[in-house]
Amino acid sequence: MTDRRLIQNFLDMMSAERGSAPNTLAAYERDLNDLSVDLTRNGASLLASQTEHLEAVLAGLAAQGLAPSTSARKLSALKQFYLFLQTDNIRKDNPAHNLRGPKKRRSLPKYLSEAEVDALFAAAETDTSPKGIRLLCLLEILYAGGLRVHELVSLTTSHIKRRDGCIIIKGKGGKERLVPMTQAALRAVKAWMLVRKSTFPQGAEALARAETYLFPSRSKSGHLTRERFAQMLKDLAVQAGLMPSKVSPHVLRHAFATHLVENGADLRSVQIMLGHANITTTEIYTAVTQERLRSVYQDAHPLSHITTDSV
C-alpha cells in the first residue's frame, strides 16, 4: 500500500472516529506528506521505515532550524499515524513509540493594546458600505467574544437568534458554548443583517451553500474564508496606522483575553468564554499581564534602572 493511500486512510479515521476539524486534518496531511517525501529521499517509506529512519528525518528538520513547536507538531502527527497503523494491524510494531521531540518554550501570546484595538474600530467605522458594515460586525463579534477565526467565519444565522445577548459557538471537538456579546456587537449584527443579502453570491448552487451562514461567500465552504478575513484585518491595520504584521484574528483573540484579565476577570470565566479544555492554557494570560506590569515598572519607576553595583 502506498504512503498516500495510508495517509488518506489515517485521515478518514481521524475524521470519522475522532471528529478532527478540517484544519487539523489538513495539518496532518501536510506534515505526513512532507515526512513521506523526506523518507523516500533516504530510501525508506512511511510503511517500511524503522525508528532510525524517523530519527534521521527529525534530526534533519532540527538542523534546518525548524521551530520546536513545528517539530513537535510533526512528531505528534507521526506518533498518531503509526499508532493507527499498529491498531489496524497494518504494522506489528510502532517505530515512533519512543521518539522524543524538542522541548517547547512557552512563549507569551502577541496581543494589541486597548488603544490599538480602538484604532482598528475607528478605522472600520469609516466605511458604511455593505462590506464595511460586514467588517465592523466581524470585528465586534471577534473582540466581544474572543472567538477562534474558524468559529467566527463559520457562524450561521441560527447561532445569533438568542434573546439573552449571547451567541452559540461550536468549538473544538464539536463542543458548544455560550459567549456573551457587547451591546456594540449586537448593534453591529443587527446592522449587518439589514444589508447581508446584498452580498449573497450569484447562482443557485453557490447561494444554497451560502445562505445559512452569517457571513456568506462564493467560496467552496459557502462562508467567508479565514484567509480572506485575515487579509481584511491587514488592510484595516494599514488604515488604522498599525503594522499589518501585528494584526491577525488570533492576535485579537489574545487581546480579548488579556484585556479581560487586566481588568479583573477571573480565569475560570475567561476559560469558559475562550473554550479552553484546560485552565492551564488560560493561565498564560496572567503571565502576559505580569510581564506588562514589569515592563511598565521598568519604564516608569525612577529607580528601576539603578543596579546593585551603583548602590
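To keep things clear, this report deals only with the structure shown in the data block.

Reading the values: the criteria
- Residues numbered from 1 in each chain as written.
- Predicted model: local features only at pLDDT ≥ 70, side-chain atom pairs only at ≥ 80, totals over all residues.
- Heavy atoms only, no water.
- Core = buried A, V, L, I, M, F, W, Y, C linked by side-chain atoms within 4.5 Å.
- Buried < 20%, exposed > 50% of the residue type's maximum accessible area, 1.4 Å probe, protein only.
- Helix = DSSP H or I, 4+ residues; strand = E, 2+ residues; numbered from the N terminus.
- Contact = heavy atoms within 4.5 Å.
- Lys, Arg positive; Asp, Glu negative; His and termini not counted.
- Salt bridge = Lys/Arg side-chain N within 4 Å of Asp/Glu carboxyl O.
- Axes fitted to C-alpha atoms, helices over the stretch in contact; angles between N-to-C directions.
- Parallel < 35°, antiparallel > 145°, perpendicular 65-115°, else oblique.
- Left-handed = near helix turned anticlockwise from the far one by under 90°.
- Nonpolar A, V, L, I, M, F, W, Y, C, P; charged D, E, K, R; others polar.
- Pairing = 2+ DSSP bridges.
- Phe/Tyr/Trp six-rings, centres within 6.5 Å; stacked < 30°, edge-to-face > 60°.

The biggest cluster of nonpolar side chains holds 42 residues, and the ones touching the most others in it are Leu120, Ile141, Leu152, Ile167, Phe215 and Phe229. Contributing elements (two or more residues each) for this core: helix 5 (114-124), helix 6 (130-145), helix 7 (149-153), strand 1 (166-170), helix 8 (183-195), helix 10 (226-239) and helix 11 (249-262). It is helix 6 that contributes the most residues to this core, eight residues altogether. Contact partners of Phe229, with chain neighbours within four places excluded, come to Leu135, Leu138, Leu142, Val149, Leu152, Val153, Leu224 and Pro249. Counting residues in hydrophobic clusters, the runner-up holds 26 residues, among them Leu6, Ile7, Leu11 and Met13.

Tracing the backbone shows Arg134 in helix 6. Here Arg134 sits buried without a salt bridge, and the closest side chain of opposite charge, Asp127, lies 8.9 Å off (N-O distance). Once residues within four sequence positions are removed from consideration, Arg134 is found in contact with Trp192, Phe215, Pro216, Leu224 and Met232.

Here we come to unusual backbone geometry. Unusually for a residue other than glycine, Asn89 sits at a positive phi of about 60°. Within the secondary structure, Asn89 sits in the loop between helix 4 (68-87) and helix 5. Given the relative accessible area of 69%, Asn89 is considered exposed.

What follows is about the pattern of salt bridges. With the rule as written, the count across this model stands at eleven salt bridges. Where Asp34 meets Lys74, a salt bridge forms, and the shortest distance between an N and an O atom there is 3.7 Å. Linking Asp34 in helix 2 (residues 22-41) with Lys74 in helix 4, this pair joins segments that are 40 residues apart in sequence. Overall, Lys74 belongs to the buried group, its relative accessible area being 6%. In this structure, Asp164 and Arg162 form a salt bridge, with 2.6 Å as the shortest nitrogen-oxygen distance. Assessed through its relative accessible area of 40%, Asp164 is described here as partly exposed.

Our next topic: the packing of helix 1 (residues 3-18) against helix 2. Angle between the axes and distance between the axes are the two parameters that describe a pair of packed helices. Viewed as axis vectors pointing N to C, helix 1 and helix 2 meet at an angle of 160°, and their least axial separation amounts to 10 Å. By the criterion of interaxial angle, the relationship of helix 1 to helix 2 is roughly antiparallel. Crossing angle aside, the handedness with which helix 1 passes helix 2 is right-handed. Taking contact as the criterion, the partners of Asp3, Ile7, Phe10, Leu11, Met14 and Ser15 in helix 1 are, on helix 2, Leu25, Tyr28, Glu29, Leu32, Asn33 and Ser36. Of the residues that constitute the contact of helix 1 with helix 2, the class distribution is seven nonpolar, three polar and two charged.

With burial as the criterion, only one face of strand 2 (residues 176-180) is covered, namely that bearing Arg177 and Val179; the residues Glu176, Leu178 and Pro180 on the opposite face remain uncovered. Between strand 1 and strand 2, which follow one another and run antiparallel, lie five residues, and Gly173 among them has a positive phi close to 70°.

Before going further, it helps to examine the packing of aromatic side chains. For any pair of aromatic rings, the description rests on two quantities: the centre-to-centre distance and the angle between the ring planes. Per the stated rule, a full pass over the model turns up six aromatic pairs. Ring centres of Phe10 and Phe81 lie 5.7 Å apart, and the angle between their planes is 80°; this geometry places the pair in the edge-to-face category. One end of the pair, Phe10, is in helix 1; the other, Phe81, is in helix 4, with 71 residues separating them in the sequence. For the pair shown, Phe10 and Phe81 are each scored as buried. Taken together, the ring pairs connect Phe10, Tyr28, Phe81, Tyr82 and Phe84 into an aromatic cluster.

What follows deals with the pairing of strand 1. Direction of pairing for strand 1 relative to strand 2: antiparallel, over a ladder of five bridges. Across the sheet, residue Cys166 finds its bridge partner in strand 2, namely Pro180.

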